[in-house]
Amino acid sequence: MSTNELVELVERAGFVFKGRPVAGERRDVESETPARAVTFTVDEVLRSADALRGLAGSEVIVVTEDAAAIADAAELVMFTVCTSVGDRVVTEEIGHRDASRRSIDEVREATREVSERPLRERAKTAELVVVGTVTGARRVEEPGLPRSEHDPDWWLARVAVDEVIKGPNRKNVDVLFANSNDIAWYRAPKLHEGTRGILLLHRGEEDELPREAPARAYQATHPLDFHPVERRANLERALSADGRER
Amino acid sequence: MPDIITVVNMIPNGLSGETNQDSETNLAVNPANPLEIVGSAFTPSPNAGSKNSPLFYSNDGGNTWNLRDLIAGTPVRDQSVRFAEAGGNLYAGVLWGSGSNIAAINFDILRTNDFSGATTMTQVAQRTNDDQPFVAATTVPSGPDAGKDRVYVASNDHGPANVPATVDLSLDANAAAATTTTLRLEDRVVSRDGFPTRSAVHPDGTVYAAYYSTTAAGSAVVIVRDDDWGNSASPFDALIDTGDGKRGVRIATAVNNPYSSLALGQQRIGSDLAIAVDPTDSATVYVCWGDLQNSVYTLYVRKSTDSGVTWSGNLRTIANATNPALAITSDGRLGFLYQQVTGLAPGQRWETTLELTHSDFGSSTAHVLSNTPANTPAQTFTPYLGDYLSMMSVGRSFYGIFTANNSPDNANFPNGVTYQRNANFTTKTLLANDHVTSVPVSIDPFFFKLSPATGRVVTAIADAGSFGDVCRGTFRDETLTIDNGGDGPLSITSISSSSPAFLAPSVLSYPVKLGPGDSIDVTIRFEPKSFGPVVGTITITSDDPAGPHKVHVSGVAPTPRLSLIIAHGGDFGPTCIGTFADQPLVLNNSGMCPVTISGIVSSSVEFFVPDILVYPLALGPGDALAVPIRFEPRSHGLQTGTITVTSSDPGSPHKVSVKGEVPSGKLAVTGSLCFGGVKACCRAERTLSICNVGHCALHVTKVAFKRKNPHWKLVNNPFPATLPPGMCLGVVVRYKATEKCPIACELVIESDDPATPVKTLDVMAYTVWRECTGKRDCDCRRCGCESCEGDAEDCGCDEDEGDDDER
């Protein structure tokens, strides 16, 4: 399996773990025939949603087309998708590989690649990447009836640029941000006065912007548009990888 | 009547480590199968990087839950779910997608009946730029469109400038290629409509929708109605406000809709709406809304009994409350669910309360489902609890969903709670999958069900309802104990049997009423009407919500079995005519039940069965009866016959072959008939023994000379006579030697010896003449007669001799 194929497999897998088939345990999982379900003891979670990171030491059921071979293996890395999480976690296998140290290192690298890809892609599309400090912020729109519960509540921040990492040099830049804490916006950066960090700035589509917003204002609305300066190395790695997209 | 309340934290055990703010919940119960329930919340997919989003699914009535990626798309924002009335289709209205432009956020109407998690829901329709899609659904119960799912997704459409209340409806949502129609409900000039639009559909085709119309003068709570599934020529125009002549009756005016400018206990208050139509009467409809007056946000409940034309005053007001839901059960009980902030900061609490009333709150019962801190956990995003929750009724039960602080503290759940996720209620700590690591408190979805306490039929019967072997014509009684194992009274309205062989008790007057824990014994009788195994079902019909209670009963009516026994295979052996032989035919009941014998007949006149004056004969199990069969032959040779026994044995009639040999007498003749020469004029005699050497009597019917002959006589002929076996009778043959020339004579013996019915014996003698010249007068003394020896003086010429002895 090539590196790209492994990355693609990791990206499709919602739950990747190193585990051991429970000897003799092939379980009946609802409509699945017993022969297709193998119980695993999870030794290490390699990729998962946050809520399932604590499954190490627990048993999960893997529905697979290759149950006979998998059940006899000593240890495997399983690439799966969770189909049901109840008292037990039931997953469907989309791939597996041996659990050698080298194999696991390759999976970890692929997992890191998958996790960094969004930042790399966000950095790639950023028009301006700066290190700066918010010197002031104000609401763009006059208070009134909101158009929606999910309104962004546009604010405009004035950012004093300390350093330009990508794009033309600027001393100051105006940045629109969503001040709403609504489910749709709560992860968006909140650029209130005194905030300092790395900003990945984009220009929004016209119909997305409030009429009162400066025409050339940038936007920082994506959760990855703001990073503490301590994460500059990560950002620079993402920017440097920009030219060698996989 | 007490109510049974169940509250379940819906986070599955597998997600014990989760800390999401799982707010804004919605719930759908499948009316066709209330064990199947679907819930929604702002809960992320259990899969890393998933492009899908999950729903909660329960197939055991909400006691346990699974999280499954059923929605294609992520992240999901507002969502609601509802099952159709029949058929099991779930419908969802879902907002999903990322980006800063709400106009690009997808609004999907989805459908599925596959909750395995292997596939996502089918997209029925999609558009964008919408808010709070809220689903109502039913199934057309009768008529030409029977079986069609009718789906109404009420929402606040952001496309038009006035952001109007809108309904997207499908009149055949379960069709493979379902179509939808988007109807703007707002008919007034408004700056915008409120966030929530809520609809309610009745199976008779009545569809209501309520929304906030906001003008410069304030907001009005408006209700519209369509009487033909939303398919009228002028949809939703059935209610016209008498004040402004516009579509939709204004239930309340000058309402101050806070539009999210208000917060209660970390919860933003946009606005609130709930609507419920009486499932038994589409003219009865309730609406609840929120209004901010004098800095106090209050929920109001009003009612219309004329299909929304006129409205009551406020039936109920709840201050500092949000997230209302209304539902009406099949027995007309109104449920009013809401979440209220109580106390003073920083010690405020969120109380989730369900109020129940049959009398529009003239009297009511309130159940606090949760009472949790309002300041913890800290808000991750808004809405803290959700812009809505959900409740519906199925039958007499209420089902609902709400969100609350998930601290495992029994004090927070006055009516009890069950957690699936790991939690220590002693230390009030949530635990991760390892049962050790503590997990921070967060907002979780909670399912609840409230049902009136009902009776529950519990039965007991010996041997699991097996009556064992019972003979036809008899019966066996068993006691069936019916116990009310429920929490409420039980009313039994019938006890019936599916089989005529099992007799349910006759009850003079139903219903039979049992209090909780009470029981009665009734007798079930097994009285088989046919042979073999019999099964049946005793059905106890009552108000047990579980439906009719069935008790399976069984029994066997053993088959009667008659065995026939006769010695020697029915061979009576040699039997002479005139005699008889008896053999017992043994009738044995080798079965478990009595056998009745209704006839015994013989096919032969030579085999006799006994005369039985009155049938039937009865034979008990194991009994035997020896029936004498008489063989009384009338003819010789092998005689056969068949004895036929007719009985209650299903194998009847039984036939037994009988036979008997009928021997005859056997003629034997001894003694010599050869006289040789006899002196002329003398007599000679020979005795012939005629014997029966057979096994049976020999009837000798005739012993005589074939032709009359003066020289031959039989003396003292005893025949005709019957000779018993072994007996002989002698016959004396006399020859009178007077003939000049020897003449043969034949003695004929006739008998019933079948081998020799006529036996002919030659008798031979001749006369020894002296020299004699004249013979004419046969003067034996003068011409040739010899002096006789012994009896020679009996001259054969004695003319006086007659034929007396000849026969």
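Provided above is the structure to which this section pertains.
Below or above, wherever it landed, is the structure these notes cover. Predicted model, so just to flag it, every value in this text is computed and none were measured.

Re the overall build of chain A
Inference 1: Counting its regular elements, chain A contains four helices and eleven strands.
Inference 2: Relative to the 2.2 N^0.38 estimate, which gives 18 Å for 246 residues, the radius of gyration of chain A is 23 Å and therefore markedly larger than a compact globule would have.
Inference 3: Considered along the principal axes of its C-alpha atoms, chain A spans approximately 65 × 40 × 30 Å.
Inference 4: Across chain A, the fraction of contacts at a sequence separation of at least 24, relative to all contacts at a separation of at least 6, is 66%.

Quick notes on the environment of B:Gln21
Residue and element names in this part refer to chain B.
Inference 1: Summarising the element assignment, Gln21 is placed in the loop between β1 (3-9) and β2 (26-29).
Inference 2: Placed 40 residues apart in sequence, Gln21 and Gly61 show a C-alpha to C-alpha distance of 24 Å.
Inference 3: Ignoring anything within four residues of it in the chain, the contact list for Gln21 reads Phe42, Thr380, Phe381, Ser442 and Ile443.

Regarding the packing of helix α1 (residues 3-12) of chain A against helix α3 (residues 101-125) of chain A
Axis angle and axis distance: for two packed helices, these are the angle between their axes and the distance between the axes, and together they describe the pair.
Residue and element names in this part refer to chain A.
Inference 1: As a packed pair, α1 and α3 sit with axes 9 Å apart at the nearest point and diverge in direction by 65 degrees. On the basis of their axis angle, the class for α1 and α3 is roughly perpendicular. Crossing geometry of α1 relative to α3 is assigned as right-handed. Every residue of α3 that contacts α1 at Leu6, Val7, Val10 and Glu11 is listed here: Glu106, Val107, Ala110, Thr111, Glu113 and Val114.
Inference 2: Tallied by class, residues from the contact of α1 with α3 come to six nonpolar, one polar and three charged.

Observations concerning the interface of chain B and chain A
Inference 1: Contacts between chain B and chain A engage 46 residues on the former and 43 residues on the latter.
Inference 2: Secondary-structure elements contributing two or more residues to the side of chain B that touches chain A are β5 (66-72) and β14 (192-201) of chain B.
Inference 3: Among the elements that make up the side of chain B that touches chain A, the one with the highest residue count is β5(B) (three residues).
Inference 4: Tallied by class, the residues present in the side of chain B that touches chain A amount to 16 nonpolar, 23 polar and seven charged.

Focus on the sheet that holds strand β46 (residues 581-589) of chain B
By definition, the strands of a sheet pair up through backbone hydrogen bonds, in either a parallel or an antiparallel sense.
Residue and element names in this part refer to chain B.
Inference 1: One open sheet holds the four strands; their spatial order is β44-β46-β50-β48, and the pairing between them is antiparallel. Both edges of this open sheet fall to β44 (562-566) and β48 (607-608), since each of them pairs with a single strand only.
Inference 2: Note that β46 and strand β50 (residues 624-631) share eight bridges and pair antiparallel. By the bridge assignment, Val586 is partnered in β50 with Ala626.

Some remarks on the sheet that holds strand β27 (residues 365-373) of chain B
Residue and element names in this part refer to chain B.
Inference 1: Ordered in space as β24-β25-β26-β27, the four strands form an open sheet in which the pairing is antiparallel. Single-partner strands in this sheet number two, and they are β24 (321-328) and β27. Adjacent strand axes in the sheet meet at a mean angle of 15 degrees, parallel and antiparallel pairs treated alike.
Inference 2: The sheet contact formed by strand β26 (residues 349-357) and β27 spans eight bridges and is antiparallel. Residue Leu354 lies in a different strand from β27, and its bridge partner there is His367.

Focus on the nonpolar core
Inference 1: Counting 164 residues, the largest nonpolar core has A:Val16, B:Tyr91, B:Ala209, B:Ala210, B:Ile275, B:Val287 and B:Leu326 as its most contacted members.
Inference 2: The dominant element in this core, judged by the number of residues it contributes, is strand β4 (residues 76-85) of chain A, at seven residues.
Inference 3: Membership of the second largest hydrophobic core comes to 37 residues, among which are A:Ala157, A:Val159, A:Val173 and A:Leu235.

Considerations on the pairing of strand β11 (residues 149-157) of chain B
All names here are of chain B.
Inference 1: For β11, the tally of buried residues reaches nine of nine residues, placing the bulk of the element in the interior.
Inference 2: Here β11 shows two buried faces, one formed by Asp149, Val151, Val153, Ser155 and Asp157 and the other by Arg150, Tyr152, Ala154 and Asn156.
Inference 3: Of the pairings in the sheet, the one linking strand β10 (residues 130-139) to β11 comprises eight bridges and is antiparallel in character. Within the sheet, the bridge partner assigned to Thr138 lies in β11 and is Arg150.
Inference 4: Where β11 meets strand β12 (residues 165-170), six bridges bridge the pair, whose relative direction is antiparallel.

Digging into the packing of α3(A) against helix α4 (residues 232-240) of chain A
Residue and element names in this part refer to chain A.
Inference 1: Relative orientation of the contacting elements α3 and α4 amounts to 70 degrees, with a least axis distance of 8 Å. By the angle between their directions, the pair α3 and α4 is classed as roughly perpendicular. The handedness of the crossing between α3 and α4 is right-handed. Residue-level contacts link Glu116, Leu119, Arg120 and Ala123 of α3 to Leu235, Ala238 and Leu239 of α4.
Inference 2: Here the residues of the contact of α3 with α4 are counted per class, giving five nonpolar, no polar and two charged.

Definitions and limits used
- Residues numbered from 1 in each chain as written.
- Chains lettered and ligands numbered in written order.
- Predicted model: local features only at pLDDT ≥ 70, side-chain atom pairs only at ≥ 80, totals over all residues.
- Helix = DSSP H or I, 4+ residues; strand = E, 2+ residues; numbered from the N terminus.
- Rg over C-alpha atoms; globule rule 2.2 N^0.38 Å.
- Contact = placed C-beta atoms within 7 Å.
- Axes fitted to C-alpha atoms, helices over the stretch in contact; angles between N-to-C directions.
- Parallel < 35°, antiparallel > 145°, perpendicular 65-115°, else oblique.
- Left-handed = near helix turned anticlockwise from the far one by under 90°.
- Nonpolar A, V, L, I, M, F, W, Y, C, P; charged D, E, K, R; others polar.
- Pairing = 2+ DSSP bridges.
- Core = buried A, V, L, I, M, F, W, Y, C linked by C-beta atoms within 7 Å.
- Buried ≥ 20, exposed ≤ 12 C-beta atoms within 10 Å, placed from the backbone.

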